[in-house]
Amino acid sequence: MTGYIVKRLFAAIPVLVGLSIIVFLIMAAIPGDPATAILGAFATPENVARINQQLGLDKPLWDQYFIWVGNLLHGDFGRSYILNRPVLDEILERFSATLILAGTSLVICSFLGLLAGIVSAVRQFTWVDRVVTFFVLIGISMPSFFLGLLMIIVFAVQWRLLPPSGMFAAYGGGDLPDLLRHLVLPAATLSVVATGVIARLTRASMLEVLRQDYVRTARAKGLDERTVIYKHAFKAALVSVVPVIGIQAGFVLGGAVYIETVFQWPGIGAMLVKAISTRDILLVQGGVLVVAAAYVFFNLLADVAQSLLDPRLKT
Amino acid sequence: MEKAIEVTNLVKTFGGKRTLFGGRTHEVQAVRNVTLALEQGETLAIVGESGSGKSTLARMVVGLEAPTSGEMKIAGRAWHDLAADGVRAFGNMIQYVFQDPVASLNPRKTIGQTLDAPLRLLKGYDDAKRKSRMKDLFDAVQMPADTHQRYPHEFSGGQAQRIAIARALAAEPRIMVLDEPVSALDVSVQAQVLVLLEDLKKEFDLSYLFISHDLAVVESISDRVAVMYFGEVVELGSAEQLFSAPEHDYTKRLISSAPRL
Amino acid sequence: MSGSATMKRVEVIKESRRPTAWQLLMNNTLAAIGFYLICAVILVAVAAPLLPIPNPDATSLAERFLPFGSPGHLLGTDHLGRDVLARLIWGTQVSLLVGISASVIAAFFGSAIGLVSGYAGGRTDNLMMRGIDMLMAFPYILLALAIVAVLGPGLMNALYAISVVNIPFFARNIRGITIGLSHREFVDAARLSGKGHLSIILTEILPNVLPVIVITMSTTVGWMILETAGLSFLGLGAQPPQADLGSMLGEARTQMFTHPFVATAPGLMVFIIVMSINLLGDGVRDALDPRLRAGALSRPRAVTRIERRDTPTAQPAGGAALNVVELETSFEGTKGPEPAVKGVSFSLSKGECLGLIGESGSGKSVTALSLLGLVASPPGIITGGRVDIDGEDILSMPETKITSYRGGKVAYVFQDPLTTLHPLFTIGDQVAEAIRVHQPVSQTEARAKAVELFKAVRLPDPEQRSSAYPHELSGGQRQRVGIAMALANDPDIIIADEPTTALDVTVQAEILRLLQVLREERGLALLFITHDFGVVAQICDKVAVMRYGKIVEAGATSEVLRNPQHDYTKRLIACVPKPGQGRAFLEGVRALLDREARGRA
């Protein structure tokens, strides 16, 4: 098992290298001249050249890439000239907020999605199944940014149950209960779509698995229906659901862009949107890279979990 | 007279490639140093169990797979010359009938469309000629003339195999490789298809390379038999001799294992 | 004459009865709702220039935030006094156009990549898929953001970004299907028919992949509309004054607390569009996927549905371990239940082996599975007859009691041991589980007993093997495990459904020997389902020949084989080549076929 994990970890390295190349190239392709962006339109040619040299922009692309990666490995993500602080500091601060939000949503959607999927598969064609199917349909069809707005209008503005935005109250907050109160609405909104996707897939794979020959064998052994469904069928269905939970990590991390904007959650998504409009290239570069790396990590976890379930994958 | 198929020291290895980290993937020798020949007008059976390499051998002979080493000649022409001309060059001389008749017909094309390809591409016939040839082919395999406008799913396994045989015959080959042509069929249908194959062989003067795992079927149709075991030909001889006095241990085991009435 | 005419008409009706994909789609209420809804939306959006609505971009500061239902402004106005209805309709047009274009672009490039990659295989495939993997290593929306960051905000750029982001999805899906298809025999056959690679991709593979492309498009176009709206919402898509639904929502967000309605209208519109597309997409998928069409995706019950019209009275058991009377099993069809087993009766005494032989479609396996209600239901229904074990009718028992017979008094051995053993549990656990269902023993004891059973079925190295998974064993070893599981609770009866069909001859011989030995040692009654007369001759005392759901002939094996009475049996036996018969076999068959042809004429 450890061998397998190590193997997977090594296999992730080329992916990370690929990611860094793509991110680097994307940012290198951005039109406009960073020096002008920093110095303004009235910069003298000497100053532009000086900045370019400082940033290493006068070197060939490959050298620039290696310098950039070398700096990354030393924890130097560059400096955001607009925020006037090191990119890494900003990203770390923002990323922890995003992780709290995305992590909570991922837990919620995995749990609710699996539960709803199983229940509606087991109680297929009953009212429970119909209700679940209905909510799943609404969930996957609802734009999350619109749902977020509705949530704010209903729960924060009309009923005044929960705070409409931010991560902590402006005054007197900062403790865990305060964080949780602020977390409820964005986390709930963010997990709706993923819950729908997982529930759907769980239902479909349960129904598929229940038709397999080995489930018939389980029945032929004389097992009761509970064991057949919750042990034999569920474990097999989980094998195909787990990688999708990994993919949902990507949707949740990405979807945080909208949710953080709507709820003014101080995460990396909202930061990226702002950085793109202010053309803060280094910040975008760093932010995209960190989120993508986190996604690679989540997928790795899903892979390992899947191989724990399915012995056929270990070879 | 030149031989229909001549195979000399043929080897096929799967896997064994270098991986990213310098290791090698698992290597499987599917065919090991096989030498045999199919005479003109003969039926040579290749018998073996799963994993014996018999299908790999058959696929190499028709150019669907490339050998790792060794020589092959098809109707006197070197395999590598044919391969240089593309699979089309093979198609004109040698055709293949697959085990699963339904899978060997494209489910989204009518039988007519499927049969049209060899007549047009390999034979270069014009419209009228293609139409009349198609009718002849359906006659030859005892299928009704309206078969051409139907889809594969409308036929039973036995009918589909007749159609697949017609498709192979369309290229007017002199040699046919039959890869377990009756294994997927019910017994009664199986016997009919065997009789059909026997008749076609006489009518079109064909040579058969007949791949099978079923000894009784092989005995009923073949002139000579080669027994394959883990990629090697362990015994080769005339059908009567091999079945009445097997020499190799594996052949003996195979014959004694076959259930008999 | 009139007879054949009626026949023809019946056939024609049958043909037209088979619903087309379109009929299937429209029969699905939800899909039909989705279809009409999205059609209505598209119609209104396309007709925007013709509709009597104000200029969507005409601002009028005097008329800001007019409420819902104001004269001239049916849905009110926004913060610049623009008509919300007009903006909604024009915005819908833009959103639909962008979303659909994005999905067409993504489908085209993604499918092309998938087709080439899947068909070419090897290095090309590897290279292309590594690239696709790289794109997929980014969270979906993040990649779109990065692309917009490069290209700059704007509607067209958002369209490109969303298309690029969705290409991997199509490429992966289509590649998977293509790989499966390009290893199919019909592709090899096409190559031997003289077709080139391009021609094979376009004329052999593409037609088979097309439904998948359509399904994938119909299930992703909703997403793409949603995502483009999302980018616009963030201010990275449509730029003012041009508006799509997303940017309308984005602009209205700032006045959300005071004038929530302005934001609600575009939000609801996106929701309606996406939902109707999703409904339609699900319908399209169901209609084009033949697996779903067969109703395979409904959950089978624990026990086959039993709806017997009448129950034959019990017959004197006479020492029979198993007595089947007039068993009838049907499958739900479009025109009500269609019987597959039509009144089958037989009995099996203790220590006896009965062979049930027949060709495909004869109903032999359905018969075997019906005995303990293991026919998948739906679509299976047991519509008649009784199954007596020790004089008690199984089919009258409550579900829990039937379950207790399974694996206890009566055990099954199935055909393909690779698919019939659970791939995710070790073989030791699977056998131990079978023991613990029926016997009050601890897990350790059960495991120990499982090892004993593995020894009994001569599985090599039983202690170690018991913690192996099915895929780590050979076919013959797996079937030994299957037999060990059947023996777990010392059953009286074993029902073996083609247990050696998936195995090589030499392995088959070993398994048959094993079954024979076990039967003698343990006094088992064996019901042996097969299509092979040779196997029957080797191990069965009695044989029943099935055809079209009925037993046409039954008797002692030697008797039936030597002197078959029914024409069908005669024919079947004549069609089995016998060792030593040589070429005489085909002569015999030819004579038989000629006789039959003359008989028909």
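Overview of the structure.

About the criteria used
Residues numbered from 1 in each chain as written. Chains lettered and ligands numbered in written order. Predicted model: local features only at pLDDT ≥ 70, side-chain atom pairs only at ≥ 80, totals over all residues. Heavy atoms only, no water. Pairing = 2+ DSSP bridges. Helix = DSSP H or I, 4+ residues; strand = E, 2+ residues; numbered from the N terminus. Contact = heavy atoms within 4.5 Å. Axes fitted to C-alpha atoms, helices over the stretch in contact; angles between N-to-C directions. Buried < 20%, exposed > 50% of the residue type's maximum accessible area, 1.4 Å probe, protein only. Buried area = accessible area lost by both parts, 1.4 Å probe. Salt bridge = Lys/Arg side-chain N within 4 Å of Asp/Glu carboxyl O. Nonpolar A, V, L, I, M, F, W, Y, C, P; charged D, E, K, R; others polar.

**Observations regarding the sheet that holds strand E5 (residues 77-78) of chain B**
Residue and element names in this part refer to chain B.
Argument step 1. Overall, antiparallel pairing links the four strands, which are arranged E2-E1-E4-E5 in an open sheet. Edge strands, defined here as strands with exactly one partner in the open sheet, are strand E2 (27-38) and E5.
Argument step 2. With five bridges connecting them, strand E1 (residues 5-15) and strand E4 (residues 69-74) associate as antiparallel partners. When the sheet's bridge partners are listed, Thr8 is paired in E4 with Glu71.
Argument step 3. Where helix H1 (residues 54-61) meets the sheet, it contacts E1, E2 and E4, and its direction lies at approximately 115 degrees from that of E1.

**Some thoughts on unusual backbone geometry**
Argument step 1. Along the chain, Pro240 of chain C connects to Pro241 of chain C via a cis peptide bond; the corresponding omega equals 5 degrees.
Argument step 2. In this fold, Pro241 of chain C is placed in the loop between helix H9 (197-233) and helix H10 (245-252).
Argument step 3. In the segment running from Pro378 of chain C into Pro379 of chain C, the intervening peptide bond is cis, with an omega of 10 degrees.
Argument step 4. Inspection of the secondary structure puts Pro379 of chain C in the loop between helix H13 (364-370) and strand E5 (380-389).
Argument step 5. Phi is positive for Glu180 of chain B, close to 45 degrees, though the residue is something other than glycine.
Argument step 6. We classify Glu180 of chain B as buried; its relative accessible area is 6%.
Argument step 7. At Asp390 of chain C, a position not held by glycine, the phi torsion is positive, near 55 degrees.
Argument step 8. Structurally, Asp390 of chain C can be placed in the loop between E5 and strand E6 (392-393).

**Observations concerning the interface of chain A and chain C**
Argument step 1. Chain A puts 74 residues into the contact, and the matching count from chain C is 72 residues.
Argument step 2. Across the chain A/chain C interface, buried area totals approximately 6,700 Å², and carbon plus sulfur atoms make up 73% of it.
Argument step 3. Per-residue buried area on chain A facing chain C is highest for Arg211, Lys221 and Tyr258 of chain A; these three make up 11% of the total on that side.
Argument step 4. Inspection of the region where chain A meets chain C yields four salt bridges.
Argument step 5. Close ionic contact of Lys221 of chain A with Glu433 of chain C constitutes a salt bridge, the shortest N to O distance being 2.8 Å.
Argument step 6. In terms of residue count, the dominant contributor to the side of chain A that touches chain C is helix H10 (residues 225-263) of chain A (17 residues).
Argument step 7. Here the side of chain A that touches chain C is built from residues that sort into 49 nonpolar, eleven polar and 14 charged.

**Focus on the pattern of salt bridges**
Argument step 1. Scanning the model with the defined rule gives 58 salt bridges over all chains in all.
Argument step 2. In this structure, Asp188 of chain C engages Arg59 of chain B in a salt bridge whose closest nitrogen and oxygen atoms are separated by 2.7 Å. With Asp188 of chain C in helix H8 (residues 185-192) and Arg59 of chain B in helix H1, this residue pair bridges two chains.
Argument step 3. Residue class for Asp188 of chain C comes out buried when judged on its relative accessible area of 6%.

In short, the description is geometric, and any link to function would need to be established separately.
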